[in-house]
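Below, each chain spelled out in residue letters.
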Amino acid sequence: MTDEQQEQHDIIKRLRKHYDEFADVSIDTLGDLYHKEVTFIDPIHQVHGLEDLQKYFKATMENVEQCHFAFTEYAENGEHFFVNWQMRLMHPKIADGQEIVLPGVSHLEMKDDKIIQQRDYYDLGAMIYEHVAVLGYVIKKIKARMIPA
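This section reports on the structure supplied with the text.

The rules we used
Residues numbered from 1 in each chain as written. Predicted model: local features only at pLDDT ≥ 70, side-chain atom pairs only at ≥ 80, totals over all residues. Heavy atoms only, no water. Helix = DSSP H or I, 4+ residues; strand = E, 2+ residues; numbered from the N terminus. Buried < 20%, exposed > 50% of the residue type's maximum accessible area, 1.4 Å probe, protein only. Lys, Arg positive; Asp, Glu negative; His and termini not counted. Salt bridge = Lys/Arg side-chain N within 4 Å of Asp/Glu carboxyl O. Polar contact = N/O pair within 3.5 Å; in protein donor to acceptor, adjacent residues only side chain to side chain. Contact = heavy atoms within 4.5 Å. Arc of directions from axis to C-beta. Core = buried A, V, L, I, M, F, W, Y, C linked by side-chain atoms within 4.5 Å.

## Overview of the side chain of D42
Right, so step 1: Structurally, the position occupied by D42 is in the loop between strand 1 (34–41) and strand 2 (46–48).
Right, so step 2: One buried charge, D42, has no salt-bridge partner; the nearest side chain with opposite charge is R119, at 9.1 Å.
Right, so step 3: A distance of 2.8 Å separates a polar side-chain atom of D42 from the backbone nitrogen of H45.
Right, so step 4: A distance of 2.8 Å separates a polar atom in the side chain of D42 from a polar atom in the side chain of Y56.
Right, so step 5: Apart from residues no more than four positions distant in its own chain, D42 is found in contact with Y56, D120 and Y122.

Right, dumping it as C-alpha coordinates:
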(Lines give C-alpha, C1' and ligand atoms only; values in the text may rest on other atoms or scores of the structure.)
Protein backbone atom coordinates (compact mmCIF):
# COMPACT_ATOMS: atom_id res chain seq x y z
CA MET A 1 0.00 0.00 0.00
CA THR A 2 1.45 3.35 -0.99
CA ASP A 3 1.54 6.36 1.34
CA GLU A 4 -1.12 8.01 -0.84
CA GLN A 5 -3.43 4.98 -0.54
CA GLN A 6 -2.91 4.91 3.24
CA GLU A 7 -3.75 8.64 3.43
CA GLN A 8 -6.91 8.04 1.42
CA HIS A 9 -7.90 5.15 3.64
CA ASP A 10 -7.40 7.44 6.63
CA ILE A 11 -9.80 9.93 5.04
CA ILE A 12 -12.50 7.27 4.77
CA LYS A 13 -11.84 6.22 8.38
CA ARG A 14 -12.23 9.82 9.54
CA LEU A 15 -15.44 10.18 7.54
CA ARG A 16 -16.90 7.02 9.10
CA LYS A 17 -15.91 8.08 12.60
CA HIS A 18 -17.34 11.56 12.14
CA TYR A 19 -20.72 10.45 10.80
CA ASP A 20 -21.18 7.31 12.90
CA GLU A 21 -23.46 9.16 15.32
CA PHE A 22 -24.09 12.53 13.78
CA ALA A 23 -24.87 15.16 16.43
CA ASP A 24 -23.94 18.64 17.60
CA VAL A 25 -20.51 17.39 18.71
CA SER A 26 -19.83 16.24 15.16
CA ILE A 27 -20.93 19.59 13.80
CA ASP A 28 -18.59 21.50 16.08
CA THR A 29 -15.59 19.52 14.78
CA LEU A 30 -16.40 19.66 11.06
CA GLY A 31 -13.17 21.60 10.50
CA ASP A 32 -11.25 18.39 11.17
CA LEU A 33 -12.81 16.85 8.09
CA TYR A 34 -13.87 19.71 5.81
CA HIS A 35 -11.78 22.41 4.15
CA LYS A 36 -12.59 25.99 5.20
CA GLU A 37 -13.67 26.71 1.59
CA VAL A 38 -15.87 23.61 1.25
CA THR A 39 -18.83 23.46 -1.11
CA PHE A 40 -21.57 21.11 0.07
CA ILE A 41 -24.53 20.19 -2.16
CA ASP A 42 -27.46 17.92 -1.39
CA PRO A 43 -31.04 17.67 -2.71
CA ILE A 44 -32.18 20.26 -0.17
CA HIS A 45 -29.54 22.96 -0.20
CA GLN A 46 -26.13 24.19 -1.35
CA VAL A 47 -23.66 25.95 0.95
CA HIS A 48 -20.17 27.40 0.58
CA GLY A 49 -17.66 27.65 3.39
CA LEU A 50 -17.14 25.75 6.62
CA GLU A 51 -19.10 28.20 8.78
CA ASP A 52 -22.16 27.98 6.52
CA LEU A 53 -21.89 24.18 6.48
CA GLN A 54 -21.89 24.14 10.28
CA LYS A 55 -24.95 26.40 10.36
CA TYR A 56 -26.74 24.24 7.79
CA PHE A 57 -26.05 21.01 9.67
CA LYS A 58 -27.12 22.56 12.99
CA ALA A 59 -30.41 23.68 11.42
CA THR A 60 -31.09 20.30 9.81
CA MET A 61 -30.25 18.43 13.02
CA GLU A 62 -32.71 20.45 15.11
CA ASN A 63 -35.12 18.05 16.88
CA VAL A 64 -33.41 14.99 15.36
CA GLU A 65 -33.57 12.16 17.87
CA GLN A 66 -31.07 9.93 16.08
CA CYS A 67 -28.93 10.15 12.96
CA HIS A 68 -26.50 7.39 12.08
CA PHE A 69 -24.60 6.81 8.85
CA ALA A 70 -23.26 3.40 7.86
CA PHE A 71 -20.75 3.49 5.01
CA THR A 72 -20.85 0.34 2.93
CA GLU A 73 -18.21 0.81 0.23
CA TYR A 74 -16.19 3.40 -1.59
CA ALA A 75 -14.24 3.95 -4.77
CA GLU A 76 -11.44 6.39 -5.34
CA ASN A 77 -9.91 8.11 -8.31
CA GLY A 78 -7.10 10.44 -7.35
CA GLU A 79 -8.58 13.20 -5.21
CA HIS A 80 -12.15 11.99 -5.82
CA PHE A 81 -14.07 9.50 -3.69
CA PHE A 82 -17.49 7.95 -4.16
CA VAL A 83 -18.97 6.63 -0.93
CA ASN A 84 -22.14 4.53 -0.58
CA TRP A 85 -23.97 5.00 2.69
CA GLN A 86 -27.17 4.29 4.54
CA MET A 87 -28.65 6.86 6.88
CA ARG A 88 -30.87 5.88 9.80
CA LEU A 89 -32.87 8.88 10.95
CA MET A 90 -35.44 9.48 13.67
CA HIS A 91 -37.22 12.84 13.68
CA PRO A 92 -40.55 13.54 15.41
CA LYS A 93 -41.96 15.30 12.31
CA ILE A 94 -41.00 12.59 9.81
CA ALA A 95 -42.73 9.18 9.66
CA ASP A 96 -44.43 9.79 13.02
CA GLY A 97 -41.05 9.67 14.72
CA GLN A 98 -40.28 6.17 13.45
CA GLU A 99 -36.85 5.35 12.10
CA ILE A 100 -36.44 5.75 8.37
CA VAL A 101 -33.60 4.20 6.42
CA LEU A 102 -32.32 6.11 3.43
CA PRO A 103 -29.60 4.90 1.04
CA GLY A 104 -27.38 7.44 -0.65
CA VAL A 105 -24.02 8.15 -2.20
CA SER A 106 -21.58 11.01 -1.78
CA HIS A 107 -19.03 12.32 -4.25
CA LEU A 108 -16.12 13.84 -2.34
CA GLU A 109 -13.28 15.93 -3.71
CA MET A 110 -10.19 16.40 -1.55
CA LYS A 111 -7.77 19.29 -1.09
CA ASP A 112 -5.07 19.55 1.56
CA ASP A 113 -6.25 16.27 3.18
CA LYS A 114 -9.76 17.68 3.71
CA ILE A 115 -13.04 17.59 1.82
CA ILE A 116 -13.26 20.66 -0.43
CA GLN A 117 -16.44 19.59 -2.21
CA GLN A 118 -19.19 17.12 -1.35
CA ARG A 119 -22.29 16.31 -3.34
CA ASP A 120 -24.81 13.96 -1.75
CA TYR A 121 -27.29 12.00 -3.84
CA TYR A 122 -30.38 10.48 -2.23
CA ASP A 123 -34.12 10.24 -2.73
CA LEU A 124 -35.60 13.28 -1.00
CA GLY A 125 -39.09 11.89 -1.59
CA ALA A 126 -38.24 8.73 0.32
CA MET A 127 -36.78 10.85 3.11
CA ILE A 128 -39.50 13.42 3.57
CA TYR A 129 -42.34 13.63 1.08
CA GLU A 130 -43.51 10.03 1.36
CA HIS A 131 -43.83 10.44 5.14
CA VAL A 132 -46.08 13.50 5.07
CA ALA A 133 -49.73 12.35 5.19
CA VAL A 134 -51.23 14.08 2.14
CA LEU A 135 -48.04 14.16 0.06
CA GLY A 136 -47.25 10.53 0.87
CA TYR A 137 -50.66 9.44 -0.37
CA VAL A 138 -50.28 11.42 -3.62
CA ILE A 139 -46.74 10.13 -4.25
CA LYS A 140 -47.83 6.51 -3.71
CA LYS A 141 -50.68 6.99 -6.20
CA ILE A 142 -48.34 8.53 -8.78
CA LYS A 143 -45.85 5.69 -8.36
CA ALA A 144 -48.63 3.13 -8.76
CA ARG A 145 -49.70 4.73 -12.04
CA MET A 146 -46.15 4.59 -13.40
CA ILE A 147 -46.03 0.81 -13.07
CA PRO A 148 -47.54 -0.94 -16.10
CA ALA A 149 -50.56 -3.08 -15.26
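After that view, the rundown keeps rolling.
## Details of unusual backbone geometry
Right, so step 1: A positive phi is found at N63, a non-glycine position, where the angle reads about 70 degrees.
Right, so step 2: Position of N63 among the secondary structure elements: in the loop between helix 3 (50–60) and strand 3 (66–77).
Right, so step 3: With a phi angle near 55 degrees, D112 is a residue other than glycine that sits in the positive phi range.
Right, so step 4: With respect to the secondary-structure elements, D112 resides in the loop between strand 5 (100–111) and strand 6 (114–122).
Right, so step 5: Residue D112 is classed as exposed on the basis of its relative accessible area, which comes to 59%.

## Quick look at the side chain of H91
Right, so step 1: Looking at the secondary structure, you find H91 in the loop between strand 4 (80–90) and strand 5.
Right, so step 2: What makes H91 buried here is its relative accessible area of 12%.
Right, so step 3: Among the polar contacts made by the side chain of H91, one reaches the main-chain carbonyl oxygen of E62 at a distance of 3.3 Å.
Right, so step 4: Excluding residues within four positions of it along the chain, H91 makes contact with E62, N63, V64 and G97.

## Brief notes about helix 3
Right, so step 1: Every buried residue of helix 3 is accounted for by L50, L53, Y56 and F57. Projection of helix 3 onto a plane perpendicular to its axis shows the buried side chains occupying an angular sector of 120 degrees, all on one side. In helix 3, those exposed residues whose orientation departs by more than 90 degrees from the buried face are E51 and K55.

## Topic: the nonpolar core
Right, so step 1: Residues Y19, Y34 and F57 are the most contacted members of the largest nonpolar core, which totals 35 residues.
Right, so step 2: When contributions to this core are tallied by element, the ones reaching two or more residues are helix 1 (3–19), strand 1, helix 3, strand 3, strand 4, strand 5 and strand 6.
Right, so step 3: If you tally residues by element for this core, the top one is strand 4, at 5 residues.
Right, so step 4: Look past the residues within four positions of Y34 in its chain and what remains in contact with it is Y19, L50, L53, K114, I115 and Q118.

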